[in-house]
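The lines below spell out each chain.
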Amino acid sequence: MTSNDDFSEDLLIEILSRLPVKSLMRYKFVCRFWCALIKSPRFVSRHIINYNDDNTRLVVEKVPGYDEGPPYVLFHDETLVDLSNDERFEPPTRHDHELLGNCNGLFCLHDKNSNRISIWNLATREFRALPKWKGEIPRHKWVYQLNFGFELDSSSNDYKIIFILNLTDDNTRKDSVSTEVILHTLSTDSWRYLKANELSDYSFLGGQQSENTYLDRICYWIAWRYNNCQEILSFHMRDEAFHVIKCPDNSYFPNPILGVYDNSLHFLDFDRSESCFEKWVMKEGSWTKQLSVGPILGVLRALEFWKNGSFFIESNTNQLLLYDPNTRALRDVGLGTDGLFLHRYKESLISTEWEDW
């Protein structure tokens with residue numbers, strides 16, 4: 001049976017865990033009990049569930065030279081109607097960083113000058129540089145494609161970062177291409193190689209600026225093989241193994257994107273010949289076409305999934321559009337797409353100090 005004290009603490013957790021991080025950072029100074037409670041893993045996990053279900057925000061990354069000011073913008077209005085309610089920010093270092101993606105409020109940043117990776121909690125402003133990978137790339141090779149994944153291994157309650165490096169030289173023959181996979185475990189703060197012989201047939205895997213797509217502790221990328229077959233690669237954080245999923249209809253799609261909605265994997269592509277969008281959902285291990293939209297004229301491609309099944313579109317005049325399949329409404333967000341990258345963001349209290357876990 002639950003005691004009154006336990007019930008009071010449970011009730012307090014339920015109330016406080018529905019508040020934004022900015023408020024909780026202040027409430028830590030109410031008393032020692034509240035401070036310990038808000039920092040506890042139990043509370044941090046509950047906050048991710050209770051607060052973030054309906055509080056996804058958009059972070060826009062601007063490429064260098066796009067305009068003056070900080071390179072990152074957080075829009076607080078989740079409807080994206082009032083773009084004046086924004087917050088411009090930059091990492092707490094002066095280095096030239098790019099955002100590779102984020103997971104549960106933790107951004108993974110890449111320093112393009114030193115090639116170092118850092119973890120940054122935007123809400124709490126905690127920042128931590130990871131140790132440098134000590135591996136060597138052969139002198140005649142160079143990285144022509146980098147893919148990234150960042151997710152929690154629930155079996156060990158530990159975050160892991162995976163990098164897939166496609167290496168090549170100036171020779172375009174298949175035997176000149178190789179793939180290296182390295183994994184960082186945050187609790188031990190160390191890198192290690194992973195064997196990935198099954199990736200040797202893939203010539204291209206996603207893109208460095210593609211958002212990390214994950215579901216149930218699994219990371220996903222769209223991949224191309226040498227025989228021009230298009231597939232989806234998944235990496236399971238628990239067993240650290242790669243698996244292959246066939247694309248819908250075993251077809252080739254020119255500009256596909258992956259996303260997660262309603263706890264299912266979604267696949268979206270724009271058919272330029274028909275000016276139509278087609279969306280599939282993965283159910284019980286197979287693809288089912290869920291939506292066909294169009295024709296919509298003046299569209300260049302799909303960019304990113306948003307909320308409630310909606311998705312961002314880039315127009316052929318480089319304007320950011322948002323399509324809601326529930327209302328069949330298409331509206332101009334009011335941002336240009338030239339020089340911008342989009343990131344879905346959910347704030348959290350997760351600490352970058354691994355010993356706090």
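Residues numbered from 1 in each chain as written. Predicted model: local features only at pLDDT ≥ 70, side-chain atom pairs only at ≥ 80, totals over all residues. Heavy atoms only, no water.

- As named in an unreviewed UniProt entry, the chain is F-box domain-containing protein, taken from Citrus sinensis.

**A closer look at the overall build of the chain**
Line of reasoning, step 1. The helix and strand tally for the chain stands at four helices and 25 strands.
Line of reasoning, step 2. By the burial criterion, 49% of the 357 residues in the chain qualify as buried.
Line of reasoning, step 3. The long-range share in the chain, meaning contacts at least 24 apart out of those at least 6 apart in sequence, stands at 49%.
Line of reasoning, step 4. Only carbon and sulfur atoms are counted for the fraction: they give 48% of the accessible area of the chain, which is about 18100 Å². (Helix = DSSP H or I, 4+ residues; strand = E, 2+ residues; numbered from the N terminus. Buried < 20%, exposed > 50% of the residue type's maximum accessible area, 1.4 Å probe, protein only. Contact = heavy atoms within 4.5 Å. Areas by Shrake-Rupley, 256 points an atom, 1.4 Å probe, with all protein chains shown as cover.)

**Remarks on the packing of aromatic side chains**
Line of reasoning, step 1. All chains considered together, the criterion is met by 20 aromatic pairs.
Line of reasoning, step 2. Summarising the aromatic geometry, the rings of Phe267 and Trp280 are spaced 6.1 Å apart at their centres and angled 70 degrees between planes, so their arrangement reads as edge-to-face. You can see Phe267 sitting in strand β18 (residues 264-271) and its partner Trp280 sitting in strand β19 (residues 276-283), a full 13 residues away along the chain. Accessibility assignment for this pair places Phe267 and Trp280 in one class, buried. (Phe/Tyr/Trp six-rings, centres within 6.5 Å; stacked < 30°, edge-to-face > 60°.)

**Description of the pairing of strand β15 (residues 230-236)**
Line of reasoning, step 1. Counted residue by residue, β15 has six buried out of seven residues, so it is predominantly covered.
Line of reasoning, step 2. Bridge analysis of strand β14 (residues 218-225) against β15 gives seven bridges, and the strand direction is antiparallel. Residue pairing for β15: Ile218 is matched across the bridge by His236.
Line of reasoning, step 3. Sheet topology places β15 next to strand β16 (residues 241-246); six bridges connect them, and they run antiparallel. Bridge assignment links Glu231 to a residue of β16, and that residue is Lys246. (Pairing = 2+ DSSP bridges.)

**Focus: the confidence of the model for the chain**
Line of reasoning, step 1. Mean pLDDT over the chain stands at 82; residues scoring 70 or higher make up 87%.
Line of reasoning, step 2. In the model of the chain, strand β12 (residues 202-205) stands out as the element of lowest mean pLDDT, 62, in contrast to helix α2 (residues 21-27), which has the highest, 93. (pLDDT = per-residue confidence, 0-100.)

**Quick look at the sheet that holds strand β21 (residues 299-305)**
Line of reasoning, step 1. Spatially, β21-β22-β23-β24 is the arrangement adopted by the four strands of the open sheet, whose pairing is antiparallel. Looking at strand neighbours, the two that pair on one side only are β21 and β24 (329-336), the edges of this open sheet. Taking the axes of each pair of neighbouring strands and ignoring which way they run, one obtains an average angle of 30 degrees across the sheet.
Line of reasoning, step 2. Pairing between β21 and strand β22 (residues 311-315): five bridges, direction antiparallel. Looking at β22, one finds that Arg301 is bridged to Glu314. (Axes fitted to C-alpha atoms, helices over the stretch in contact; angles between N-to-C directions.)

**Some remarks on the pattern of salt bridges**
Line of reasoning, step 1. This structure, assessed with the given rule, holds 16 salt bridges.
Line of reasoning, step 2. For Glu14, the salt bridge goes to Arg18, with nearest N and O atoms at 3.1 Å.
Line of reasoning, step 3. Residue Glu14 is classed as partly exposed on the basis of its relative accessible area, which comes to 26%.
Line of reasoning, step 4. Classification of Arg18 as partly exposed rests on a relative accessible area of 47%.
Line of reasoning, step 5. The salt bridge involving Lys246 is made with Glu231; its shortest N-O contact spans 2.9 Å. Here Lys246, found in strand β16, pairs with Glu231, found in strand β15; they are 15 residues apart in sequence, far enough to count as distant. (Salt bridge = Lys/Arg side-chain N within 4 Å of Asp/Glu carboxyl O.)

**Points about the sheet that holds strand β4 (residues 97-103)**
Line of reasoning, step 1. The four strands are arranged β4-β5-β6-β7 in an open sheet whose pairing can be described as antiparallel. The strands lining the two open edges of the sheet, one partner per strand, are β4 and β7 (126-129). Within the sheet, the average angular offset between the axes of one strand and its neighbour, ignoring direction, is 25 degrees.
Line of reasoning, step 2. Pairing analysis gives four bridges linking strand β6 (residues 117-121) to β7, with the strands arranged antiparallel.

**With respect to the pairing of β6**
Line of reasoning, step 1. Of all five residues that make up β6, five are buried, and the element is covered over most of its length.
Line of reasoning, step 2. Where burial is concerned, the two faces of β6 agree: the one with Ile117, Ile119 and Asn121 and the one with Ser118 and Trp120 are both buried.
Line of reasoning, step 3. Here strand β5 (residues 106-111) runs beside β6; their pairing, made up of five bridges, is antiparallel. Residue pairing across strands places His110 opposite Ile117, the latter belonging to β6.
Line of reasoning, step 4. Here β5 hands over to β6 after five residues, with Asn115 in that stretch at a positive phi of 65 degrees.

**Let's talk about unusual backbone geometry**
Line of reasoning, step 1. For the peptide bond that leads from Gly294 to Pro295, omega is 5 degrees, which places it in the cis range.
Line of reasoning, step 2. Summarising the element assignment, Pro295 is placed in the loop between β20 (286-293) and β21.
Line of reasoning, step 3. Positive phi is not limited to glycine here, since Ser275 has a value of about 55 degrees.
Line of reasoning, step 4. With respect to the element layout, Ser275 can be found in the loop between β18 and β19.

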